[in-house]
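What follows is the residue order along each chain.
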Amino acid sequence: DKMLMNPASVQKVLTAPVAVETLGEDYKFSTSLYSRNDNCYVLKLGADPYLSSKDLKTLVKNINREAQKIFIDDRALDNKTWGEGWQWDDDMNILMPRFGSYNLDKNLIKLTVVPTKAGQFATIINPSKYPLVFFNNVVTSDKTDIDIKRDSAISPNTLMLTGSVSRPTVLYIPTVNLKRYFDVQLIKSLEERSIYLKDSFVSTRKATTDEFVQKNTHSIDLAVNDILKNSNNMVSETIFKLAGGKYCNLVSGTDSSGIKMFNDYCVKNNLDNSRIRISDASGVSKNNLVSADFITEFLKLNKDNEVLAKLPKPGEGTLTHRLVPIKNNLRAKTGTLKDISSIAGYLTTKTGKNLVFCIMINDMKLSGSDKKMLEDFILREAYLRL
């Protein structure tokens, strides 16, 4: 089908293989610490989507207690922390957090709501110490039903909590200011070692004379698994920008450099991308327009691609509860947005035929479950009859 439609997260089967090819299958996300002169350090960020506060504490252990200043090289990605065409009303969606050089703790703030006495307001615990203001209307009760909203009219860090709670309940809130959250966690790590800096962290470029001290790394294999099986949007966008920056030989990765990388890949491999529009890596943007024909041609070209070999089977990831009877014959990526459902991948039929497929449903009337039931019906019939 040549009709242009929004593919949702199926788009990841297009962008992830190209990004990994550019970065290299042995690529590692890294956050590195360097020493500069006496009692000064440089922390070089790599936009590692798996960096945690615990990792940060481990790096800080290599800073001596006489440290006076810490510089941060934060140029891995540009300052645009959300994708083009992302929807403002997804601001509280933990599946669509902001992303950038200051990636930390999955860019989510962990809160715990703890019941007190029946009928009284619950207690909200914020161990991150990231500055948040709570309007707490959560009452201790015999059931747990908490609603949380951001009141941006007052401040992006003002949260309205309503409902009831019966047991300690963990909530996650997307971080609005990645740098501020990172700074708070770094200060906490330093103060735990009795290191109190007089000056704020200063942005800088790592110099060739800075001496390497220690680094924290995570394999790109984590990202491939997370993108294809769990449909992780933040990780998808991060590796696409990093790869684009490398491809275009830029200091900072950008959306446009990632898109140029993808378009050049299509031209090099004789894929006609003249009609499609790629606005982000993850498929979250409502501005993406791709045809089923293009996706199937891309999958056919990459049938032996090592990244796509890791597409989930039924019973795994977003296919955990779908098409399990044919789990040994199917590898696919799903996609879901409001009014949109999609699935694409590889199917081996009952008679042994190897097929490439893409189903995209952009429909406001059908429910999400009905769309997926239709997709599953089509794939079961294809398995049995083709």
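Residues numbered from 1 in each chain as written. Predicted model: local features only at pLDDT ≥ 70, side-chain atom pairs only at ≥ 80, totals over all residues. Heavy atoms only, no water.

Undergrad: Please clarify how the sheet that holds strand β14 (residues 330-337) should be interpreted in this entry.
TA: Two pairing modes exist for strands in a sheet, parallel and antiparallel, and in both the strands are linked by backbone hydrogen bonds. Pairing is antiparallel across the open sheet formed by 3 strands, whose spatial order is β14-β15-β16. Looking at strand neighbours, the two that pair on one side only are β14 and β16 (354-362), the edges of this open sheet. Averaged over all neighbouring strand pairs, the angle between strand axes comes to 5°, with direction disregarded. Alignment of strand β15 (residues 340-348) against β16, held across 9 bridges, turns out to be antiparallel. Note that in β16 the partner of threonine 348 across the bridge is asparagine 354. The strands touched by helix α8 (residues 368-385) are β14, β15 and β16; relative to β15, the strand with the most contacts, the crossing angle is about 15°. (Pairing = 2+ DSSP bridges. Helix = DSSP H or I, 4+ residues; strand = E, 2+ residues; numbered from the N terminus. Axes fitted to C-alpha atoms, helices over the stretch in contact; angles between N-to-C directions. Contact = heavy atoms within 4.5 Å.)

Undergrad: What am I meant to see in the sheet that holds strand β8 (residues 145-150) here?
TA: Spatially, 3 strands are ordered β7-β9-β8 in an open sheet, and the strand pairing comes out mixed. On the outer flanks of this sheet lie β7 (133-140) and β8, each paired with one strand and no other. The mean angle between the axes of side-by-side strands here comes to 5°, regardless of whether they run parallel or antiparallel. Pairing of β8 with strand β9 (residues 158-165) involves 6 bridges; the strand directions are antiparallel. From the neighbouring strand, isoleucine 146 faces β9, where its bridge partner is glycine 163.

Undergrad: Is there a simple way to think about the side chain of asparagine 6 in this case?
TA: Structurally, the position occupied by asparagine 6 is in the loop between β1 (4-5) and α1 (12-23). When its relative accessible area of 4% is taken as the criterion, asparagine 6 is described as buried. A distance of 2.9 Å separates the side chain of asparagine 6 from the backbone nitrogen of alanine 8, its partner in a polar contact. Among the polar contacts made by the side chain of asparagine 6, one reaches the main-chain carbonyl oxygen of serine 285 at a distance of 3.1 Å. The contact partners of asparagine 6, leaving out residues within four places of it in the chain, are Gly283, Ser285, Lys286, Asn287, Asn288, Leu289, Leu337, Ile340, Met360 and Asn362. (Buried < 20%, exposed > 50% of the residue type's maximum accessible area, 1.4 Å probe, protein only. Polar contact = N/O pair within 3.5 Å; in protein donor to acceptor, adjacent residues only side chain to side chain.)

Undergrad: Would you explain the pattern of salt bridges in this entry?
TA: Side chains that carry opposite charge are capable of pairing whenever their charged atoms lie near each other. Within the structure shown, the criterion is met by 21 salt bridges. Aspartate 73 is the partner of lysine 44 in a salt bridge, and the nearest nitrogen-oxygen pair spans 3.6 Å. With lysine 44 in strand β3 (residues 40-44) and aspartate 73 in strand β4 (residues 69-73), this residue pair connects regions lying 29 residues apart in the sequence. A relative accessible area of 1% means that aspartate 73 is categorised as buried. Put simply, aspartate 183 and lysine 179 hold a salt bridge, and the shortest N to O gap is 2.7 Å. You can see aspartate 183 and its partner lysine 179 sitting in helix α3 (residues 178-191), 4 residues apart, about one turn around the helix. Taking relative accessible area as the criterion, aspartate 183 reaches 14% and is therefore assigned buried. Three or more residues are tied together by salt bridges with common partners; here these are Lys44, Asp73 and Arg75. (Salt bridge = Lys/Arg side-chain N within 4 Å of Asp/Glu carboxyl O.)

Undergrad: Honestly, the environment of lysine 229 in this entry has me stumped. Any pointers?
TA: Residue placement: lysine 229 occurs in helix α4 (residues 220-230). Through-space distance from the C-alpha of lysine 229 to that of leucine 311 is 6.6 Å; in sequence the pair is 82 residues apart. What lysine 229 contacts, discounting residues up to four positions off in sequence, is Lys310, Pro312, Glu316, Gly317 and Thr318.

Undergrad: What's the story with unusual backbone geometry in this structure? I'm lost.
TA: Trans peptide bonds make up the majority, and among non-glycine residues the majority have a negative phi. Positive phi, normally seen in glycine, also occurs at alanine 47, with a value near 60°. Among the structural elements, alanine 47 can be located in the loop between β3 and α2 (53-60). Since its relative accessible area comes to 0%, alanine 47 is described here as buried.

Undergrad: What is the right way to look at the packing of aromatic side chains in this model?
TA: How two aromatic rings sit relative to each other is set out by the distance from centre to centre and by the angle between their planes. By the definition in use, this model includes 10 aromatic pairs. Both rings, one in phenylalanine 29 and one in tyrosine 50, keep their centres 6.3 Å apart while their planes meet at 55°; by these two values the pair is tilted. With phenylalanine 29 in strand β2 (residues 28-36) and tyrosine 50 in the loop between β3 and α2, the pair connects residues that are 21 residues apart, well separated along the chain. Take phenylalanine 29 and tyrosine 50: they sit in the same class, and that class is buried. Ring-pair connections join several aromatic residues into one group, and the members of that group are Phe262, Tyr265, Phe294 and Phe298. Above the face of the tryptophan 82 ring, arginine 98 is positioned so that its terminal group lies 5.0 Å from the ring centre. Between lysine 206 and the ring centre of tyrosine 34, over which it is positioned, the NZ or CZ distance is 4.7 Å. (Phe/Tyr/Trp six-rings, centres within 6.5 Å; stacked < 30°, edge-to-face > 60°. Lys NZ or Arg CZ within 6 Å of the ring centre and 35° of its normal.)

Undergrad: How do you make sense of α4 when you look at a structure like this?
TA: An α-helix turns once per 3.6 residues; consequently, residues spaced three or four apart project the same way. Those residues of α4 that fall on the buried side of the exposure criterion are Ile220, Ala223, Val224, Asp226, Ile227 and Leu228. Along its buried surface, α4 packs onto α1, β2, β12 (211-219), α5 (233-247) and β14. A distance of 3.0 Å separates the backbone nitrogen of aspartate 221 from a side-chain oxygen at the start of α4, and that oxygen is part of serine 219. Looking one or two residues beyond α4, the residue adopting positive phi is serine 231, at roughly 55°.

Bear in mind that shape data such as this cannot, by itself, settle questions of function.
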